[in-house]
Amino acid sequence: MKETFGVGADLVGENYGCTEIGNIATNGYIDSKFVGGTEASDYHVKLADLPDLGFLSTDLPYPRGEVLVKTPNAFAGYFGDADCTAQAWTSDGYYRTGDVAEFDITTGRIKVIGRCKEVLKTSTGIDSTAFTQARGLITSTYPVSTLLQESLSLQRSWRRT
(Lines give C-alpha, C1' and ligand atoms only; values in the text may rest on other atoms or scores of the structure.)
Protein backbone atom coordinates (compact mmCIF):
# COMPACT_ATOMS: atom_id res chain seq x y z
CA MET A 1 0.00 0.00 0.00
CA LYS A 2 2.77 2.38 0.90
CA GLU A 3 4.55 1.91 -2.46
CA THR A 4 1.39 2.30 -4.53
CA PHE A 5 -0.55 4.97 -2.66
CA GLY A 6 2.01 6.46 -0.30
CA VAL A 7 0.01 5.47 2.80
CA GLY A 8 0.23 2.67 5.31
CA ALA A 9 -2.25 -0.21 5.22
CA ASP A 10 -3.72 1.05 8.50
CA LEU A 11 -5.10 4.11 6.64
CA VAL A 12 -7.03 2.06 4.07
CA GLY A 13 -10.41 0.69 5.03
CA GLU A 14 -13.52 -0.88 3.59
CA ASN A 15 -16.83 0.94 3.99
CA TYR A 16 -20.30 -0.47 3.49
CA GLY A 17 -23.19 1.87 2.88
CA CYS A 18 -25.65 3.23 0.36
CA THR A 19 -26.60 6.57 -1.09
CA GLU A 20 -29.97 6.66 0.69
CA ILE A 21 -28.52 6.15 4.19
CA GLY A 22 -24.78 6.79 4.12
CA ASN A 23 -22.13 4.65 5.80
CA ILE A 24 -23.35 1.56 7.63
CA ALA A 25 -20.13 -0.22 8.60
CA THR A 26 -16.38 0.28 8.43
CA ASN A 27 -14.11 -2.74 7.99
CA GLY A 28 -17.12 -4.93 8.72
CA TYR A 29 -17.97 -3.27 12.02
CA ILE A 30 -21.15 -1.28 12.44
CA ASP A 31 -19.81 2.11 13.46
CA SER A 32 -20.10 2.41 17.22
CA LYS A 33 -19.44 6.10 17.83
CA PHE A 34 -20.57 8.11 14.82
CA VAL A 35 -22.19 7.02 11.61
CA GLY A 36 -22.41 9.58 8.84
CA GLY A 37 -22.31 12.38 11.40
CA THR A 38 -25.06 10.84 13.53
CA GLU A 39 -24.49 9.70 17.09
CA ALA A 40 -24.84 5.94 17.31
CA SER A 41 -27.76 6.27 19.75
CA ASP A 42 -29.81 7.66 16.82
CA TYR A 43 -28.58 4.98 14.41
CA HIS A 44 -30.00 1.47 14.35
CA VAL A 45 -29.16 -1.55 12.20
CA LYS A 46 -31.02 -4.85 12.30
CA LEU A 47 -31.62 -7.92 10.18
CA ALA A 48 -35.07 -8.73 8.82
CA ASP A 49 -36.03 -12.37 8.37
CA LEU A 50 -36.29 -13.68 4.80
CA PRO A 51 -38.00 -17.03 5.48
CA ASP A 52 -38.69 -17.77 1.79
CA LEU A 53 -34.94 -17.63 1.19
CA GLY A 54 -34.00 -19.47 4.37
CA PHE A 55 -32.34 -16.48 6.10
CA LEU A 56 -33.41 -15.81 9.68
CA SER A 57 -32.20 -13.36 12.29
CA THR A 58 -32.27 -16.28 14.72
CA ASP A 59 -29.84 -18.41 12.67
CA LEU A 60 -26.81 -19.65 14.60
CA PRO A 61 -23.89 -19.18 14.68
CA TYR A 62 -24.52 -16.29 12.24
CA PRO A 63 -27.89 -14.52 12.19
CA ARG A 64 -28.80 -13.71 8.57
CA GLY A 65 -31.34 -11.51 6.83
CA GLU A 66 -31.94 -8.26 4.98
CA VAL A 67 -30.05 -5.28 6.40
CA LEU A 68 -32.45 -2.61 7.71
CA VAL A 69 -31.20 0.82 8.83
CA LYS A 70 -32.87 3.61 10.76
CA THR A 71 -31.21 7.03 11.01
CA PRO A 72 -32.26 10.68 10.96
CA ASN A 73 -29.77 11.18 8.09
CA ALA A 74 -31.80 9.03 5.70
CA PHE A 75 -33.06 10.39 2.40
CA ALA A 76 -36.63 11.67 2.14
CA GLY A 77 -37.64 9.49 -0.81
CA TYR A 78 -37.21 8.76 -4.50
CA PHE A 79 -38.12 11.83 -6.55
CA GLY A 80 -41.41 11.35 -8.38
CA ASP A 81 -41.75 7.68 -7.35
CA ALA A 82 -44.01 7.39 -4.31
CA ASP A 83 -44.57 3.63 -4.81
CA CYS A 84 -40.84 2.86 -4.82
CA THR A 85 -40.35 5.10 -1.78
CA ALA A 86 -43.13 3.30 0.12
CA GLN A 87 -41.60 -0.11 -0.68
CA ALA A 88 -38.19 1.06 0.58
CA TRP A 89 -39.37 1.64 4.16
CA THR A 90 -40.77 -0.60 6.88
CA SER A 91 -43.78 0.48 8.93
CA ASP A 92 -41.48 1.27 11.89
CA GLY A 93 -39.18 3.59 9.89
CA TYR A 94 -36.31 1.31 8.79
CA TYR A 95 -34.85 1.59 5.30
CA ARG A 96 -34.66 -1.71 3.38
CA THR A 97 -31.17 -1.88 1.83
CA GLY A 98 -31.91 -4.97 -0.27
CA ASP A 99 -28.64 -6.49 0.98
CA VAL A 100 -28.55 -9.94 2.56
CA ALA A 101 -25.99 -10.12 5.35
CA GLU A 102 -24.83 -12.32 8.16
CA PHE A 103 -23.81 -11.00 11.56
CA ASP A 104 -20.98 -12.51 13.59
CA ILE A 105 -22.17 -12.26 17.19
CA THR A 106 -18.72 -12.98 18.64
CA THR A 107 -16.84 -10.26 16.72
CA GLY A 108 -19.66 -7.81 16.01
CA ARG A 109 -18.90 -7.84 12.27
CA ILE A 110 -21.46 -7.72 9.50
CA LYS A 111 -20.79 -9.41 6.16
CA VAL A 112 -22.86 -8.81 3.04
CA ILE A 113 -23.46 -12.15 1.33
CA GLY A 114 -25.79 -11.12 -1.48
CA ARG A 115 -28.78 -9.10 -2.61
CA CYS A 116 -32.40 -10.03 -1.92
CA LYS A 117 -33.22 -10.03 -5.63
CA GLU A 118 -30.10 -11.99 -6.59
CA VAL A 119 -30.55 -15.06 -4.41
CA LEU A 120 -31.67 -18.31 -5.99
CA LYS A 121 -33.43 -21.06 -4.13
CA THR A 122 -32.33 -24.35 -5.66
CA SER A 123 -33.32 -27.93 -4.92
CA THR A 124 -30.07 -28.35 -2.96
CA GLY A 125 -30.47 -25.14 -0.92
CA ILE A 126 -29.86 -21.41 -1.15
CA ASP A 127 -27.12 -20.00 -3.38
CA SER A 128 -26.44 -16.29 -3.09
CA THR A 129 -23.91 -16.27 -5.92
CA ALA A 130 -25.66 -18.35 -8.58
CA PHE A 131 -27.74 -15.49 -9.99
CA THR A 132 -24.75 -13.18 -10.42
CA GLN A 133 -22.68 -15.95 -11.99
CA ALA A 134 -25.51 -16.97 -14.34
CA ARG A 135 -26.13 -13.36 -15.39
CA GLY A 136 -22.41 -12.90 -16.09
CA LEU A 137 -22.30 -16.05 -18.20
CA ILE A 138 -25.47 -15.24 -20.14
CA THR A 139 -24.56 -11.61 -20.81
CA SER A 140 -20.99 -12.40 -21.86
CA THR A 141 -22.14 -12.92 -25.45
CA TYR A 142 -22.89 -9.77 -27.45
CA PRO A 143 -26.38 -10.63 -28.87
CA VAL A 144 -27.74 -11.80 -25.51
CA SER A 145 -26.25 -8.82 -23.68
CA THR A 146 -27.80 -6.38 -26.18
CA LEU A 147 -31.17 -8.13 -25.99
CA LEU A 148 -31.20 -8.01 -22.19
CA GLN A 149 -30.21 -4.35 -22.10
CA GLU A 150 -32.93 -3.44 -24.60
CA SER A 151 -35.60 -5.41 -22.74
CA LEU A 152 -34.62 -3.81 -19.44
CA SER A 153 -34.85 -0.31 -20.89
CA LEU A 154 -38.27 -1.13 -22.40
CA GLN A 155 -39.43 -2.54 -19.09
CA ARG A 156 -38.36 0.64 -17.29
CA SER A 157 -40.13 2.87 -19.82
CA TRP A 158 -43.36 0.84 -19.52
CA ARG A 159 -43.20 1.15 -15.72
CA ARG A 160 -43.07 4.96 -15.93
CA THR A 161 -46.21 5.30 -18.05
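Bear in mind the structure is a predicted one, so any value in this text is a computation, not a measurement.

Quick look at the overall build of the protein chain now. Across its full length, the protein chain carries four helices and 11 strands. Sorting the 161 residues of the protein chain into buried and exposed places 27% on the buried side. Across the protein chain, the fraction of contacts at a sequence separation of at least 24, relative to all contacts at a separation of at least 6, is 44%. Approximately 11000 Å² of the protein chain is accessible, and the part contributed by carbon and sulfur atoms is 55%.

A few words now on the nonpolar core. In terms of nonpolar packing, the biggest core is built from 14 residues, with I21, I24, V67, V69 and Y95 touching the most fellow members. Only strand 1 (15-18), strand 2 (22-26), strand 7 (64-70) and strand 8 (95-104) provide two or more residues apiece to this core.

Relative to the elements of secondary structure, E20 occurs in the loop between strand 1 and strand 2. The side chain of E20 is buried and forms no salt bridge, while R115, the nearest opposite charge, is found at 8.1 Å. A distance of 3.3 Å separates polar atoms of two side chains, one belonging to E20 and the other to Y95. Once you skip the residues sitting within four places of it in the chain, E20 turns out to touch N73, A74, F75, Y78 and Y95.

What follows concerns the pattern of salt bridges. Within this structure, the stated rule accounts for four salt bridges. In this structure, D59 and R64 form a salt bridge, with 3.0 Å as the shortest nitrogen-oxygen distance. The exposure class assigned to D59 is buried, which follows from its relative accessible area of 15%. R96 is paired through a salt bridge with E66; the nearest N and O atoms lie 3.9 Å apart. With R96 in strand 8 and E66 in strand 7, the pair connects residues that are 30 residues apart, well separated along the chain. A relative accessible area of 34% means that R96 is categorised as partly exposed.

Let us now look at unusual backbone geometry. Here L60 and P61 are connected by a cis peptide whose omega angle stands at 5°. Position of P61 relative to the elements: it lies in the loop between strand 6 (44-48) and strand 7.

The subject of this paragraph is the environment of F103. Turning to its location among the elements, F103 is positioned in strand 8. Taking relative accessible area as the criterion, F103 reaches 26% and is therefore assigned partly exposed. Linking F103 and P63, residues 40 residues apart in sequence, is a C-alpha distance of 5.4 Å.

Another point: the layout of surface pockets. To locate leftover empty space, one rolls a probe as large as a water molecule over the atoms. Considering only enclosed or pocket space, the largest pocket measures out at about 580 Å³ in volume. What lines the largest pocket is a set of 18 residues, and nearest its centre among them are Y78, C84, R96, R115 and K117. Among the secondary structure elements, those contributing two or more residues to the lining of the largest pocket are helix 2 (82-88) and strand 8. No other element matches strand 8, which puts five residues into the lining of the largest pocket. Classifying every residue of the lining of the largest pocket by side-chain character gives six nonpolar, three polar and nine charged.

Within the secondary structure, D59 is located in the loop between strand 6 and strand 7. A distance of 3.0 Å separates a polar side-chain atom of D59 from the backbone nitrogen of L56. At 3.0 Å, the side chain of D59 forms a polar contact with the side chain of R64. For D59, the residues in contact, after removing those within four places along its chain, are G54 and R64.

Parameters at a glance
Residues numbered from 1 in each chain as written. Predicted model: local features only at pLDDT ≥ 70, side-chain atom pairs only at ≥ 80, totals over all residues. Heavy atoms only, no water. Helix = DSSP H or I, 4+ residues; strand = E, 2+ residues; numbered from the N terminus. Buried < 20%, exposed > 50% of the residue type's maximum accessible area, 1.4 Å probe, protein only. Contact = heavy atoms within 4.5 Å. Areas by Shrake-Rupley, 256 points an atom, 1.4 Å probe, with all protein chains shown as cover. Core = buried A, V, L, I, M, F, W, Y, C linked by side-chain atoms within 4.5 Å. Lys, Arg positive; Asp, Glu negative; His and termini not counted. Salt bridge = Lys/Arg side-chain N within 4 Å of Asp/Glu carboxyl O. Polar contact = N/O pair within 3.5 Å; in protein donor to acceptor, adjacent residues only side chain to side chain. 1 Å grid on protein atoms, 1.4 Å probe; cavity = no way out; pocket = protein on both sides within 12 Å on 5 of 7 lines; lining within 4 Å. Points joined across faces, edges and corners; volume = space filled by probe spheres on them. Nonpolar A, V, L, I, M, F, W, Y, C, P; charged D, E, K, R; others polar.

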